[in-house]
Amino acid sequence: MLRHMLGAVALCAVGVGAQAQTVKIGVVTTLSGPAASLGQQLRDGFQLALDQSGGKLGGMAVELTVLDDELKPDVAVTKVRGLIESGKADVVVGPIFSNVLLAIFKPVTESGAVLISPNAGPSTYAGRACVKNFFVTSYQNDQPHSVSGQYAQDSGYKRVFLLAPNYQAGKDALAGFKSKFKGEVVGEEYVPLTQMDFQSEIAKIAAAKPDAVYAFMPGGIGIALVKQYRQAGLASVPFLSAFTVDESTLPAQGEAAVGFYSGANWAPNLDNAANKAFVAAFEAKYHYVPATYAAQSFDAALALDAAIGKAGGTADKAKLIAALETAAIASVRGSFKFGVNHYPVQDFYLTQVVKRADGKFQTEVRKKVFTADVDPYASQCKMN
Amino acid sequence: MTLLIVQLLNGVQLGLLLFLIAAGLTLVFGVMDFINLAHGVQYMLGAYLGVAFFGMTGSFWLALVLAAGAAGAAGLVLEWLVFRHLYGRDHLDQVLATFGVIMALNEGVRVIWGAAPLEMPMPEVLSGSFQLMPGLRYPFYRVALIVAGLGVAGGLAWAVNRTRVGMLVRAGTSNAVMVSALGVDIERLFRGVFGVGAVLAGFAGVLAAPLVAVEPAMGDNLLILAFVVIVIGGVGAIRGAFVAAVLVGLVDTVGRTLVTDAVRVALGASGAARVGPAVASMLIYLVMAAVLAVRPAGLFPAARGA
């Protein structure tokens, strides 16, 4: 944190000295608490892109401020308001979690600044409530779950067991899965977010004998579930998921997760030149395997780089927004563009966990499930 | 029917894991009348130390012994640094100070080991499993957890009820001032009890590590469960903590299933998906409220002096 602030101050000094225009960017992410490893990925992905272009975006020096939202919406609002009122944010990039995004959305967008979400993609702003100065570089939240639903349907699975935490995102996740899966749901369990032992659910899965399991179990509960699922000898039942086995949880799941599936818009082995260079540079600099959080944040920086260059700065917001809408970037995802609602139009894949030759774990693309997928809310968005 | 028996076993096993954590807490609370919210982070510290020692030695068993010892030592350092100054003060001061310890240690492990969750493998000897019902295997490691829980329960029951130190502990629980007046160095007794509590928390942390995610704040949720256990069981009572832990384990495992099924019968599938989980997650607290309504001091309250 301090290092980045010092970096920002130094960059600022350089900018002033050279009498050049600086662009002010605030990154809002979660850097404390159990979810800090996700927030770090976001910050590191953005920082990497910035470093690769010599601390500049669109040829202009960047004054970067990194804020820790602590995964508390009220804290995030206070800090973001402070940032905007002190004139330190033409563009705000963040956050990880949808509840934080919902809190900071109005303070940022109503101030006229451009808000770019590199992870959270709630349906709230994808349809009728879409606004011009809000962009998403990740996905609409329903999409990663419908990937597994479509895959289960395509694979001819008849009976599926569903598992998610008992809160809104958990219910949305299973609704997303069911929007594409037409077979029988033999069990639908909602567990407390604080649960640590899943023996009870595992016994029910074994008793139900499903063709596959679909789980949305983010963070620590996913780590516990995957280990216990493997230990209970259930791994012969295909394990489909989203945000349950990815590069942020794999270091703690290790062998237990090998072979498990996930629905995603990216994987470290996605075959394109930009991605190969990104993953290699990221691992060399930060010594861990990037997950989607880092990739989407890297792409956010690329989009800003292209748009700021084209708009000649961030002073004219209308120009910047127009430039973002049409930004042509060498995305780590290959094909990527913003749709009418400023959410991405992109491909989605079924990924699978593998152990790499160097002993680390990552997800790898197995099958493209959706091509140039548009989220289900985009048609309701009338941008004006 | 098979499923119900399996769930009973799961409930008992979860209960024993909870007992390992609650035992130390109830001792400290009972004997020293000290609310130690930091007990959960001591459990976390045990898990992290276990991973660290496993990395150094490559042996789960060595890591278990070293980490439990180191967690005990860390507990004594905390006692000397912070808790000692709070014994005479009221519960609110203790809550505030130990809450501060929670935040400091949660951030501390993040600074030392990073924010990313860590992995702790099972010991090689216990990595096998046996078939519990068709399609479901039960890891030997969980059997070992049950044995460890029963062993600790037996050991503590023996130590508290049959030894001289145990007698002092019981005496301290009912009237610490009187014990002190009789010439017992109560400070040393407190320190000993606190050390044992910290070792138990660390021991539980290492044992739980192969099943869960070793990450900052992993003990925070468990702390709440542990408090539910000691409140139901009666503060300071090992027997109470044991019975209450198994009760909470059973309610959380079997009760949750039964309630969800009952709601499904009553409201149909769509209603069940909404109401079932909400009621199920309240269940242990409802049990706690019911117990407190009938027996305000818990199921097995330790005898207390005026």
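Residues numbered from 1 in each chain as written. Chains lettered and ligands numbered in written order. Predicted model: local features only at pLDDT ≥ 70, side-chain atom pairs only at ≥ 80, totals over all residues. Heavy atoms only, no water.

### Some points on the overall build of chain B
- Regarding its fold elements, chain B presents 10 helices and two strands.
- In sequence order, chain B lays out its α and β elements as α-α-α-α-β-β-α-α-α-α-α-α.
- Referenced to the eigenvectors of the C-alpha coordinate spread, the extents of chain B come out at roughly 65 × 50 × 35 Å.
- Sorting the 306 residues of chain B into buried and exposed places 52% on the buried side.
- Long-range contacts, defined here as pairs at least 24 residues apart, represent 77% of the contacts in chain B between residues at least 6 apart.
- The average position of the 16 basic charges and that of the 13 acidic charges among the side chains of chain B differ by 9 Å. (Helix = DSSP H or I, 4+ residues; strand = E, 2+ residues; numbered from the N terminus. Buried < 20%, exposed > 50% of the residue type's maximum accessible area, 1.4 Å probe, protein only. Contact = heavy atoms within 4.5 Å. Lys, Arg positive; Asp, Glu negative; His and termini not counted. Charge placed at Lys NZ, Arg CZ, Asp CG, Glu CD.)

### Details of empty space enclosed by the protein
- Applying the stated criterion across every chain yields a total of two cavities of 30 Å³ or more.
- Every residue lining the largest cavity is counted, 16 residues in all, and those nearest its centre are D246(A), S262(A), G263(A), A264(A) and T292(A).
- Listed by contribution, the elements that provide at least two residues to the lining of the largest cavity are strand 11 (261-264), helix 11 (292-311) and strand 13 (344-355) of chain A.
- When residues in the lining of the largest cavity are grouped by element, the largest group, three residues, is from strand 11 of chain A.
- Split by residue class, the lining of the largest cavity holds seven nonpolar, seven polar and two charged.
- A domain-level breakdown of the lining of the largest cavity finds at least three residues from each of domain 1 (2-139 + 271-338) and domain 2 (143-264 + 348-373) of chain A.
- Approximately 120 Å³ is the volume found for the second largest cavity.
- When residues of the lining of the second largest cavity are traced back to their parent elements, those giving at least two are strand 8 (184-191) of chain A together with helix 10 (238-294) of chain B.
- Top element by residues in the lining of the second largest cavity is helix 10 of chain B. It accounts for nine residues. (1 Å grid on protein atoms, 1.4 Å probe; cavity = no way out; pocket = protein on both sides within 12 Å on 5 of 7 lines; lining within 4 Å. Points joined across faces, edges and corners; volume = space filled by probe spheres on them. Nonpolar A, V, L, I, M, F, W, Y, C, P; charged D, E, K, R; others polar. Domains from an automatic or database assignment.)

### A short note on the interface of chain B and chain A
- With 43 residues of chain B in contact, the opposing surface of chain A contributes 36 residues.
- Taken together, the two surfaces of chain B and chain A that pack against each other cover about 3,100 Å², and 56% of this comes from carbon and sulfur.
- Linking chain B with chain A are one salt bridge, by the criterion used here.
- Across the salt bridge formed by D197(A) and R142(B), the nearest N and O atoms sit 3.0 Å from each other.
- At the junction of chain B with chain A, the criterion picks out 11 residue pairs in polar contact (both at pLDDT 80 or more).
- Of all elements in the fold, only helix 1 (2-32), helix 4 (91-113), strand 1 (129-133), strand 2 (136-139), helix 9 (220-233) and helix 10 of chain B reach the threshold of two or more residues within the side of chain B that touches chain A.
- Residue composition of the side of chain B that touches chain A, grouped by class: 27 nonpolar, nine polar and seven charged. (Buried area = accessible area lost by both parts, 1.4 Å probe. Salt bridge = Lys/Arg side-chain N within 4 Å of Asp/Glu carboxyl O. Polar contact = N/O pair within 3.5 Å; in protein donor to acceptor, adjacent residues only side chain to side chain.)

### Focus on the state of the cysteines
All names here are of chain A.
- A complete count under the given rule lists one disulfide over all chains for this structure.
- Two residues share a disulfide in this structure: C130 and C381, whose sulfurs sit 2.0 Å from each other. Here C130 and C381 share a disulfide; its torsion about the S-S bond, 90 degrees, makes the bridge right-handed. Placement of C130 in the loop between strand 5 (114-117) and strand 6 (134-136) and of C381 in the segment after strand 14 (361-373) is noted, with a sequence separation of 251 residues between them. Both residues of the pair, C130 and C381, count as buried. (Disulfide = S-S within 2.5 Å.)

### Focus on the layout of surface pockets
- As a volume, the second largest pocket reaches approximately 380 Å³.
- In this structure, the second largest pocket is lined by 19 residues; those nearest its centre are G187(A), E189(A), K204(A), D261(B) and R264(B).
- When residues of the lining of the second largest pocket are assigned to their parent elements, the largest contribution, eight residues, is made by helix 10 of chain B.
- Considering only residue class, the lining of the second largest pocket consists of 11 nonpolar, three polar and five charged.

### So, the environment of N99(A)
Residues and elements named next belong to chain A.
- Summarising the element assignment, N99 is placed in helix 4 (residues 98-109).
- Residue class for N99 comes out partly exposed when judged on its relative accessible area of 40%.
- When the C-alpha atoms of N99 and K72 are compared, they prove to be 8.5 Å apart, with 27 residues separating the residues in sequence.
- With residues up to four places along the chain from it excluded, the contact list for N99 reads L71 and P73.

### A few points about the domain arrangement of chain A
Residue and element names in this part refer to chain A.
- Here the domain parsing of chain A yields domain 1 (2-139 + 271-338) and domain 2 (143-264 + 348-373).
- Domain 1 and domain 2 are separated by 29 Å when their C-alpha centres are compared.
- Contact with domain 1, which involves 10 residues of that partner, is made by 11 residues of domain 2.
- For the domain 1 face of the interface with domain 2, the top three residues by lost area are Y139, V289 and Y293, together amounting to 52%.
- In this structure, E283 and R356 form a salt bridge, with 2.8 Å as the shortest nitrogen-oxygen distance.
- Between the two partners, domain 1 and domain 2, sit two residue pairs in polar contact (both at pLDDT 80 or more).

### As for the packing of aromatic side chains
- The final tally for this structure, using the stated rule, is 32 aromatic pairs over all chains.
- One aromatic cluster is present, formed by W266(A), F278(A), F282(A), Y286(A), Y288(A) and F298(A) through successive ring pairs. (Phe/Tyr/Trp six-rings, centres within 6.5 Å; stacked < 30°, edge-to-face > 60°.)

### Let's talk about the sheet that holds strand 3 (residues 60-68) of chain A
All names here are of chain A.
- The strand order across the open sheet built from six strands is 2-3-1-4-5-6, with neighbouring strands paired in mixed fashion. This sheet does not close on itself; its edge strands, each paired only once, are strand 2 (56-57) and strand 6.
- The pairing of strand 1 (residues 22-29) with strand 3 spans eight bridges and is classified as parallel. Across the sheet, the residue bridging to K24 is E63, located in strand 3.
- Contacts between helix 4 and the sheet are confined to strand 4 (91-93), strand 5 and strand 6, with strand 5 contributing the most and set at about 155 degrees to the helix. (Pairing = 2+ DSSP bridges. Axes fitted to C-alpha atoms, helices over the stretch in contact; angles between N-to-C directions.)

### As for the sheet that holds strand 8 of chain A
Residues and elements named next belong to chain A.
- In spatial order, the strands read 8-7-9-10; together these four strands make up an open sheet with parallel pairing. A single partner strand is all that each edge strand has here, and the edge strands are strand 8 and strand 10 (239-241). Sheet twist, expressed as the mean angle between neighbouring strand axes with direction ignored, is 20 degrees.
- Bridge count for strand 7 (residues 159-165) against strand 8 is seven bridges, and the pairing is parallel. Residue pairing for strand 8: R159 is matched across the bridge by E184.
- On the sheet, helix 5 (residues 143-154) packs against strand 9 (212-215) and strand 10 and is oriented at approximately 145 degrees with respect to strand 10.
- Helix-sheet contacts for helix 7 (residues 199-208) involve strand 7, strand 8 and strand 9, and the interaxial angle to strand 7 is about 170 degrees.

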